[in-house]
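Architecture and fold: a report
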Amino acid sequence: MITFEGVSKTYPDGTVALDDVSLECRTGEITVFVGTSGGGKTTALRTINRMVEPTGGRVLIDGADVRDSRPAELRRGIGYVIQHAGLFPHRTIEDNIATVPYLLRWNKKKARDTARELMERVGLDASMAKRYPFQLSGGQQQRVGVARALAADPPVMLMDEPFSAVDPVVRAELQDEFLRLQAELHKTIVFVTHDIDEAIKLGDRVAVFKTGGKLVQFDTPENVLARPADDFVAEFIGYDRGIRRLWFIPASEAPLSDRGVLPADTPADRIRADDDGWTLAVDGSRRPLGWAAPGAVPSGGTLADAPLKPVGPTFTVARDSIRAALNAAILSPSGRAVGVDDDGRLVGVADQHDLSAAITRAGADAEPAPAVDAKPASDDVEPAPKGGAAG
Ligand SMILES: Nc1ncnc2c1ncn2[C@@H]1O[C@H](COP(=O)(O)OP(=O)(O)OP(=O)(O)O)[C@@H](O)[C@H]1O
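Keep in mind that this is a model prediction, so the values were computed, not measured.

**Comments concerning the nonpolar core**
- Membership of the largest hydrophobic core comes to 46 residues, with the highest contact counts inside it found for Ile97, Met159 and Phe191.
- If sequence neighbours within four positions are ignored, Ile97 has contacts with Ala115, Leu118, Met119, Val144, Ala147, Arg148 and Ala151.
- Residues Val21, Ala44, Leu45 and Leu158 belong to the second largest nonpolar core, which totals 24 residues.

**Some points on the pattern of salt bridges**
- For the structure on display, the rule yields 23 salt bridges.
- In this structure, the salt-bridge partner of Lys130 is Glu94, at a minimum N-O distance of 2.6 Å. You can see Lys130 sitting in the loop between α5 (108–121) and α6 (138–150) and its partner Glu94 sitting in helix α3 (residues 93–97), a full 36 residues away along the chain.
- The class of Glu94 is buried, set by a relative accessible area of 1%.
- Across the pair Lys187 and Asp153 runs a salt bridge, and its minimum N-O distance is 2.4 Å. With a gap of 34 residues between them, Lys187 in the loop between α7 (168–185) and β8 (188–193) and Asp153 in the loop between α6 and β7 (156–160) connect regions that are remote in the sequence.
- Judged by its relative accessible area of 6%, Lys187 falls in the buried class.

**A short note on the packing of aromatic side chains**
- Across all of its chains, the model carries six aromatic pairs by this definition.
- On the basis of an interplanar angle of 75 degrees and a centroid distance of 6.0 Å, the ring pair of Phe4 and Phe33 is categorised as edge-to-face. With Phe4 in strand β1 (residues 2–10) and Phe33 in strand β3 (residues 30–35), the pair connects residues that are 29 residues apart, well separated along the chain. Across the pair, Phe33 and Phe4 agree in class, each one buried.
- On the numbers, 5.8 Å between centres and 70 degrees between planes, the contact of Phe163 with Phe178 is edge-to-face. Remark: Phe178 occurs in helix α7 and Phe163 occurs in the loop between β7 and α7; sequence separation between them is 15 residues. Just as Phe163 is buried, Phe178 falls in that class too.
- Among the aromatic side chains, those forming a connected cluster through ring pairs are Phe4, Phe33 and Phe209.
- Geometry around Trp106 places Lys110 over its ring, the cationic atom sitting 4.1 Å from the centre.

**Remarks on helix α1 (residues 41–48)**
- Within α1, six of the eight residues are buried, leaving the element largely enclosed by the surrounding structure.
- Within the sequence span of α1, burial applies to Lys41, Thr43, Ala44, Leu45, Thr47 and Ile48.
- The first or second residue beyond α1 is Arg50, which carries a positive phi of 65 degrees.

Cut-offs applied
Residues numbered from 1 in each chain as written. Predicted model: local features only at pLDDT ≥ 70, side-chain atom pairs only at ≥ 80, totals over all residues. Heavy atoms only, no water. Core = buried A, V, L, I, M, F, W, Y, C linked by side-chain atoms within 4.5 Å. Buried < 20%, exposed > 50% of the residue type's maximum accessible area, 1.4 Å probe, protein only. Contact = heavy atoms within 4.5 Å. Salt bridge = Lys/Arg side-chain N within 4 Å of Asp/Glu carboxyl O. Helix = DSSP H or I, 4+ residues; strand = E, 2+ residues; numbered from the N terminus. Phe/Tyr/Trp six-rings, centres within 6.5 Å; stacked < 30°, edge-to-face > 60°. Lys NZ or Arg CZ within 6 Å of the ring centre and 35° of its normal.

So, in structure tokens, the structure goes:
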């Protein structure tokens, strides 16, 4: 656990970069610092590894004041990743990754073996070990930066805009892999970004900073979206925060039914025209095969004889968000979303009205915004699905 106790920083020129910030970054979680440029995010991050000394308050790691450790010693237990990776240009990739192991005087073989293992972990081909940073793409360099920070297996990682310098597609890949890696490693991570989408995607908790180094809200991403603490946060999150919230409503909230679902061997005369006439054909294991348009089943034939339109994207009821379900409904030829289990078997279908009713119910559960309070609003919020299927 990293604890900020009334931390302030006024730079010698009088700039107030942090103003009485108190928060707790929980062990094994990702805490994201987000906010406007100049809001003090980087300054706050750097007080943890003593690259910046506060002018007031204190920072503790697992109850110990960071000032009680010498900076060099402290930083050995804290990985640090920055924008543009900050690699040493004249060192090979494996030597860049092994920087801290070399400092710790591991023998060269052990350090290089560790570097190779980490390359695999972060998705870099072993053939790149002997290359130099300039011979890698921006995204690959960022992976090296992450691997280097992980090399001495530090319990704490500080990441300052680590994925900002790459294009959106590579960025999304790096974020996904980062989340996969964290699910295995459970590091205590503090992550700085100015991008609210990145904060929502990655953060277990999100701290929103505004100019003057003020912490305006510290909460789970879903609560920040549902109950922005003030107008600044609401505006920072953006006009489409309603849509973003859909990530946090579980798809299982949607009422599912078997309306218009029939086995593929159903004879034409047993197919009752439904209200919109589309029929979803399923096989003997209830795997969806495709949609038959109204009147598409030839008389005397079976559902399987109709030209079936592709099912399109489905959503996994137990894991996905209602955003994935809505996406599936919008892209479905019938306007109905197909919900499946982990084995791809049909659980049920829902149309846009069903989904909209579930969204309205979930919205009604959200309470009005509390007064500005930098402490977590509640600890009992169930984490809802995050990420899930493509939205
Ligand atoms: N060494 C310094 N001397 C004086 N002022 C500084 C110094 N470092 C940062 N500042 C100022 O402190 C404030 C907070 O800066 P900081 O870099 O922490 O913000 P940030 O939220 O990380 O911003 P960004 O998103 O633009 O990186 C800014 O006004 C900045 O100009």
